[in-house]
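Structural overview
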Amino acid sequence: KKLAPARALAAPVEKLHFKYYGFEDGKLKPKKSVNKEIPVAVMVQIDFREVGGSVRHLQRMINIPIGNLP
């Protein structure tokens, strides 16, 4: 089967940032680095420019059920 041609899903994106979280001392804390360990959650932040020109900021915390639970 053929794949559809590539297309932008969110444009123009000004900023895209991921922050990974894990449990440390029984508390949810940001991780400085992620190697082979699956994080408990990921914070996704995106800034994009709307049609009128204003910049919109969206932020979501995505839980990962199989992450490194305590």
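All of the points below concern the structure found in this document. (Residues numbered from 1 in each chain as written. Predicted model: local features only at pLDDT ≥ 70, side-chain atom pairs only at ≥ 80, totals over all residues. Heavy atoms only, no water.)

1. Quick word on the pairing of strand 3 (residues 41–49)
For a regular strand, side-chain orientation follows a simple rule: the groups alternate between the two sheet faces. Counting buried positions along strand 3 gives eight out of nine residues, so the element sits mostly inside the fold. In terms of strand pairing, strand 3 meets strand 4 (residues 55–63) through nine bridges, oriented antiparallel. Its bridge partner lying in strand 4, Phe48 is registered against Arg56. Where strand 3 folds back onto strand 4 in an antiparallel hairpin, the turn is made up of five residues, including Gly53, whose phi is positive at roughly 105°. (Buried < 20%, exposed > 50% of the residue type's maximum accessible area, 1.4 Å probe, protein only. Helix = DSSP H or I, 4+ residues; strand = E, 2+ residues; numbered from the N terminus. Pairing = 2+ DSSP bridges.)

2. Topic: the sheet that holds strand 3
One open sheet accounts for four strands, arranged 2-1-3-4; its pairing is antiparallel. The open sheet has two edge strands with one neighbour each: strand 2 (27–30) and strand 4. Taking each pair of neighbouring strands and ignoring which way they run, the sheet shows an average axis angle of 20°. Of the strand pairs in this sheet, strand 1 (residues 13–24) and strand 3 are connected by eight bridges, and their pairing is antiparallel. (Axes fitted to C-alpha atoms, helices over the stretch in contact; angles between N-to-C directions.)

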